[in-house]
Amino acid sequence: MTLAQGLDRTDPRHTARLTIACADRKGIVAAVSQFLHHHGANIIHSDQHSTDPQGGQFFMRMEFHLDGLDLAKEQFERAFAQQVAEPFEMNWRVWYTAQPKRMGIMVSKYDHCFLDLLVRKRRGELDVEIPLVVSNHDTLRGDAEMFGVPFAQVSVTKDNKAEAEQEQARLFREAGVDFVVLARYMQILSGEMLHGLGVPVINIHHSFLPAFIGANPYRAAFQRGVKLVGATAHYVTEELDAGPIIEQDVARVNHRETPETLMRLGRDVERQVLARAVKAHVEDRVLVSGNKTVVF
């Protein structure tokens, strides 16, 4: 059975997304386009970027309609690997949009980013499934249950952190998540935890780092008279808050703000930045290059 025969042609998600990263050289776009054309695919979106045409890195995101494709999934991927990816030494991936990504969430007590993700998912703004929420507190269980999302509490202390992380990673693996979002999860993930998860992890934090650290950065920022509040969403690496940045934004503030209004404005920015970062990841618009990202 071909991909076109195996999917409902009336489904607006009857598409696939191909992402590519490789050394730049002539003929890449032609080779990809000709392969898809030869096998009956119709290209509907294409983005590309080169860091330098001479010796740089090349990045591409191509979305194509599956109607008319003459190969089954395994045949398509095997043929693309042999005929296009291997000759150009590509790092590549294809995702079929009829299969929503499975997003795990980690959260502590702050609810603003967590609830925003749940609402966007329910409204159809995020094309994901949420098979599991894991928290180190029981505070937000009721909110998860209200949205019909499975919730698991795993308490984390200084003495049991390693065992707790092993359990958290096991739960996510059993849930079959494709990536995890830290929706203001107030614990630092160890390298062992990241390895145990084995999937991308996205974090959100305020933009005051490293200037204002600690439990109350907004009060410290208020005392310094800051004129901007903002947020950064990035992939998590073993180096704290130093992973590749996906999305950032700021809001201007003035002398009339209080620590409370600064926090409220900051949380608004955090919600928006995290939502944009998650949406970009879900739609395969983020390609990692070293400690940077290309976001189409």
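Residues numbered from 1 in each chain as written. Predicted model: local features only at pLDDT ≥ 70, side-chain atom pairs only at ≥ 80, totals over all residues. Heavy atoms only, no water.

Participant: Looking at this model, I keep getting lost on the sheet that holds strand β10 (residues 228–235). Mind explaining?
Facilitator: In sheet architecture, strand pairing relies on hydrogen bonds along the backbone and comes in two forms, parallel and antiparallel. If you walk across this open sheet you meet the 7 strands as β7-β6-β5-β8-β9-β10-β11, and the pairing is mixed. The sheet terminates laterally at β7 (151–153) and β11 (245–252), the two strands that pair on one side only. For this sheet, the mean inter-axis angle between neighbouring strands, taken without regard to orientation, is 20°. Here 3 bridges tie strand β8 (residues 179–182) to strand β9 (residues 201–206), and the two strands are oriented parallel to one another. Within the sheet, the bridge partner assigned to V181 lies in β9 and is I202. (Pairing = 2+ DSSP bridges. Helix = DSSP H or I, 4+ residues; strand = E, 2+ residues; numbered from the N terminus. Axes fitted to C-alpha atoms, helices over the stretch in contact; angles between N-to-C directions.)

Participant: I keep staring at the domain arrangement of the protein and nothing clicks. Help me out?
Facilitator: Think of interface size as the accessible area that goes away when the parts come together; that is how it is often given. Domain parsing of the protein yields domain 1 (15–96) and domain 2 (101–295). Between domain 1 and domain 2, the C-alpha centre-to-centre distance is 32 Å. Summing both sides of the interface, domain 1 and domain 2 together bury roughly 830 Å²; the carbon and sulfur share of this comes to 61%. For the domain 1 face of the interface with domain 2, the top three residues by lost area are F59, R61 and W95, together amounting to 58%. As a salt-bridge pair, D284 and R17 come within 2.7 Å of each other at their nearest N and O atoms. At the boundary of domain 1 and domain 2, one finds 5 residue pairs in polar contact (both at pLDDT 80 or more). Elements represented by at least two residues in the side of domain 1 that touches domain 2 include exactly β1 (15–23) and β3 (57–65). (Domains from an automatic or database assignment. Buried area = accessible area lost by both parts, 1.4 Å probe. Salt bridge = Lys/Arg side-chain N within 4 Å of Asp/Glu carboxyl O. Polar contact = N/O pair within 3.5 Å; in protein donor to acceptor, adjacent residues only side chain to side chain.)

Participant: Where do I start with the environment of K109 in this structure?
Facilitator: The topology assignment puts K109 in the loop between β5 (101–107) and α4 (112–123). Ignoring sequence-local partners within four residues, the contact set of K109 consists of H137, T139 and L140. (Contact = heavy atoms within 4.5 Å.)

Participant: Would you mind showing me how to read the UniProt feature "active site" (unreviewed entry) in the protein here?
Facilitator: Annotation from UniProt places "active site" (unreviewed entry) at D241. Residue position: D241 is located in the loop between β10 and β11. (UniProt positions renumbered as here; feature names shortened; annotations may be inferred.)

Participant: Mind showing me how you'd approach the pairing of β1 here?
Facilitator: Across a regular strand the side chains alternate sides, sitting on one face of the sheet and then on the other. When you tally the buried positions in β1, you get 8 out of 9 residues, the bulk of the element. Where β1 lies against strand β4 (residues 91–96), 6 bridges are found, and the strand directions are antiparallel. In the strand pairing of β4, L18 is matched with V94. (Buried < 20%, exposed > 50% of the residue type's maximum accessible area, 1.4 Å probe, protein only.)

Participant: Help me understand the environment of D138, please; the structure alone is not making it clear to me.
Facilitator: Among the structural elements, D138 can be located in the loop between β6 (128–135) and α5 (141–146). Judged by its relative accessible area of 37%, D138 falls in the partly exposed class. Each C-alpha atom of the pair D138 and G148 lies 16 Å from the other, and the pair is 10 residues apart in sequence. Non-local contacts of D138, meaning those with residues more than four positions away in its chain, are made with F151 and Q153. At a separation of 2.6 Å, a polar atom in the side chain of D138 contacts the side chain of R141.

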